[in-house]
Amino acid sequence: MEDFVEFAAAAVPRLRRTAFLLCGDWHMAEDLAQTTLTKMFVHWRRIKRQDAVFSYASRTLVNTYIASRRGRKSGEIVTDEVPEQMLMPDSPETRMVVMSALATLAPRARAVVVLRFWADMSVQQVAEALGCSEGTVKSQTARALDKMRPILEGVRRHG
Amino acid sequence: MDDEVMLYRMLDQAVANEPPIGPVVERAVVAGRQIRRRRRIAGALGCFALVAVAGGLIPVLGGPRSPGLSATSGRRTVSAPSTTAPGCGKFCGDLYLSEFGPSFVLDVDKQAPAVGQPVIMFAASSTDPGEDWTFTTGTTVHDFYQAGLISRATALHYGKDEAYEIEYAPAGASTGLCMGVRASKAYEEVRLEKCGMGAQTVWFSTAAPQPGHAVTIMNGLDKGTSTPLVLTFPATGYPTDVPRPPLSLMPLAPGRGASSQQWE
């Protein structure tokens, strides 16, 4: 199991950051990362043979996140409106603006944005991770960007 | 395209200054090993049961058993509503509020087994050992009084009530730390305290909490005042709030207690 520990130690910071962008809470992000690694540990021999462990980790993390949101009331309030006040691009408050913008998206759309623009995955990789077609990824990306555009515009204007 | 570049940059900034990370890998390995072991045992038992049934070795046992209750040498134990981490075994359980249902259960903040660690509610998970507790019940307030843990005043008022200590037991391992308080007063936060040191870690109710049978839970420090203090989740809070709202002692709401005071 040394190879699993080695992989997990390397993957956990990135997994936790991805989870944070998905759920918006560091404590929950750590739990999501831990649950993801636990699931991978159980099937490690099989996963290792597939030679795509990082991709598998992303897929498991997203599925774990979506499952945790399904059928459960969340403390996070999803809204159609974006915050009125825009912030400077490099200010510490940028995080709050980004998280507010992400919160306007549904879980799957949020996962698409995070995997495409933070995990830097291709459309094909995101489609595989989410178990949907490439067309769906492209349309969800476009819709998500449309929804987040007012915030991006505002930050650009002030930057 | 500009939007995409901006988004790359902003997402990078959003994860800057992250808090220190806990022992996630170690905990994942422990939980993963327990799941594997549990699956191996379940598989072996399944094979054994199949062989035994085929050979007529297992007699048919009559009579339904109470849900959430198992008998062990005359003592009762509240069993888990299926959310305890693997390896916790039949003595483990989770308390949850009727208001939220079993989706959110009693949890130790950051899973840390240390005196003073706040007790919170967290999303039920089969891999989170921070949600594992043991409830050794079948004893009354009077029994705890005789053991010198509870005052005579409390025993006089609530002597026949079911009393128990709720020990934090990640993955079924005893920690010697129980859910408790430091004093009996309103807004007193519930936290981990050393078990068996006094009334602060003893809790009691008219019956043991079970799925479908909600009760209000009082602390052993209560002396039987006109407005009893009971285990309460903040009425205006939600388990996913940040920072996590800790449980506390609050006056019993009129009637059978508020929805944030009903535990199963």
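Residues numbered from 1 in each chain as written. Chains lettered and ligands numbered in written order. Predicted model: local features only at pLDDT ≥ 70, side-chain atom pairs only at ≥ 80, totals over all residues. Heavy atoms only, no water.

A. A look at the overall build of chain A. When helices and strands are counted, chain A shows 8 helices and 0 strands. Counted from the first residue to the last, chain A has its helices and strands arranged as α-α-α-α-α-α-α-α. Here chain A, with 159 residues, has 50% of them falling under the buried criterion. Within chain A, contacts between residues separated by at least 24 positions form 65% of all contacts whose residues are at least 6 apart in sequence. Element-wise, carbon and sulfur atoms account for 51% of the exposed surface of chain A, whose accessible area totals about 7,600 Å². (Helix = DSSP H or I, 4+ residues; strand = E, 2+ residues; numbered from the N terminus. Buried < 20%, exposed > 50% of the residue type's maximum accessible area, 1.4 Å probe, protein only. Contact = heavy atoms within 4.5 Å. Areas by Shrake-Rupley, 256 points an atom, 1.4 Å probe, with all protein chains shown as cover.)

B. Region of the structure containing the interface of chain B and chain A. The interface is formed by 46 residues belonging to chain B together with 49 residues belonging to chain A. Surface buried jointly by chain B and chain A totals about 4,300 Å² across both partners, of which 61% is contributed by carbon and sulfur atoms. Considering only the side of chain B, the residues that lose the most area to chain A are Asp3, Leu11 and Arg36 of chain B, jointly responsible for 15% of the buried surface there. Between the two partners, chain B and chain A, sit 4 salt bridges. The shortest N-O distance in the salt bridge between Arg17 of chain A and Glu18 of chain B comes to 2.5 Å. Here chain B is connected to chain A by 9 residue pairs in polar contact (both at pLDDT 80 or more). The set of elements that each furnish at least two residues to the side of chain B that touches chain A consists of helix H1 (2-14), helix H2 (24-55) and strand E5 (119-123) of chain B. At 12 residues, the largest contribution of residues to the side of chain B that touches chain A is made by H1 of chain B. For the side of chain B that touches chain A, the per-class residue count stands at 24 nonpolar, 8 polar and 14 charged. (Buried area = accessible area lost by both parts, 1.4 Å probe. Salt bridge = Lys/Arg side-chain N within 4 Å of Asp/Glu carboxyl O. Polar contact = N/O pair within 3.5 Å; in protein donor to acceptor, adjacent residues only side chain to side chain. Nonpolar A, V, L, I, M, F, W, Y, C, P; charged D, E, K, R; others polar.)

C. The arrangement of the state of the cysteines in detail. Residues and elements named next belong to chain B. The final tally for this structure, using the stated rule, is 1 disulfide over all chains. Each sulfur in the disulfide pair Cys178 and Cys195 lies 2.0 Å from the other. Residues Cys178 and Cys195 are joined through a disulfide that is right-handed, its torsion about the S-S bond being 100 degrees. Here Cys178, found in strand E8 (residues 177-180), pairs with Cys195, found in the loop between strand E10 (191-194) and strand E11 (202-205); they are 17 residues apart in sequence, far enough to count as distant. For Cys178, a relative accessible area of 1% gives the class buried. (Disulfide = S-S within 2.5 Å.)

D. The packing of helix H1 (residues 2-23) of chain A against helix H4 (residues 53-69) of chain A, seen in detail. All names here are of chain A. Closest axis-to-axis distance for the H1/H4 pair is 10 Å, and the angle between their directions is 35 degrees. The two elements H1 and H4 cross, and the hand of that crossing is right-handed. In contact with Phe7, Ala11, Leu15, Thr18, Ala19, Leu22 and Cys23 of H1, H4 contributes Val53, Phe54, Ala57, Leu61, Val62 and Tyr65. Class assignment for the residues of the contact of H1 with H4 results in 12 nonpolar, 1 polar and no charged. (Axes fitted to C-alpha atoms, helices over the stretch in contact; angles between N-to-C directions. Left-handed = near helix turned anticlockwise from the far one by under 90°.)

E. Highlighting helix H6 (residues 107-117) of chain A. Buried residues dominate H6 of chain A, accounting for 9 of its 11 residues. Here H6 of chain A has its buried residues at Ala109, Arg110, Ala111, Val112, Val113, Val114, Leu115, Arg116 and Phe117 of chain A.

F. Fine view of the environment of Pro245 of chain B. All names here are of chain B. Looking at where Pro245 falls in the secondary structure, it is placed in the loop between strand E13 (229-232) and strand E14 (248-251). Pro245 gets classed as buried once you look at its relative accessible area, which sits at 10%. The residues contacting Pro245, other than those within four sequence positions of it, are Ile120, Phe233, Pro234, Tyr238 and Pro239.

G. Just the pattern of salt bridges, in detail. Tallying each qualifying case throughout the model produces 10 salt bridges over all chains. Here Arg16 of chain A makes a salt bridge to Glu18 of chain B, at a shortest N to O gap of 2.9 Å. You can see Arg16 of chain A sitting in helix H1 and its partner Glu18 of chain B sitting in the loop between H1 and H2, one on each of two chains. Judged by relative accessible area, which is 2%, Arg16 of chain A ranks as buried. Glu18 of chain B sits in the partly exposed class, given a relative accessible area of 25%. Arg191 of chain B serves as the salt-bridge partner of Glu193 of chain B, at 2.6 Å between the closest nitrogen and oxygen. Within the structure, one salt-bridge network assembled from shared partners comprises Arg16, Arg17 and Glu30 of chain A together with Glu18 and Arg27 of chain B.

H. Spatial organisation of the packing of aromatic side chains. Residue and element names in this part refer to chain A. Under the criterion given, the structure shown has 13 aromatic pairs over all chains. Taken together, a centroid distance of 5.1 Å and an interplanar angle of 80 degrees make the contact between Phe4 and Phe41 edge-to-face. Note that Phe4 is positioned in helix H1 and Phe41 in helix H2 (residues 26-42), a separation of 37 residues in sequence. Assigned by exposure class, Phe4 and Phe41 land together as buried. Each residue in the set Phe4, Phe7, Phe41, Trp44 and Phe54 is aromatic and connected to the rest through ring pairs, giving one cluster. Geometry around Trp118 places Arg14 over its ring, the cationic atom sitting 4.6 Å from the centre. One residue, Arg116, lies across the ring of Phe117, its end atom 5.4 Å from the ring centre. (Phe/Tyr/Trp six-rings, centres within 6.5 Å; stacked < 30°, edge-to-face > 60°. Lys NZ or Arg CZ within 6 Å of the ring centre and 35° of its normal.)

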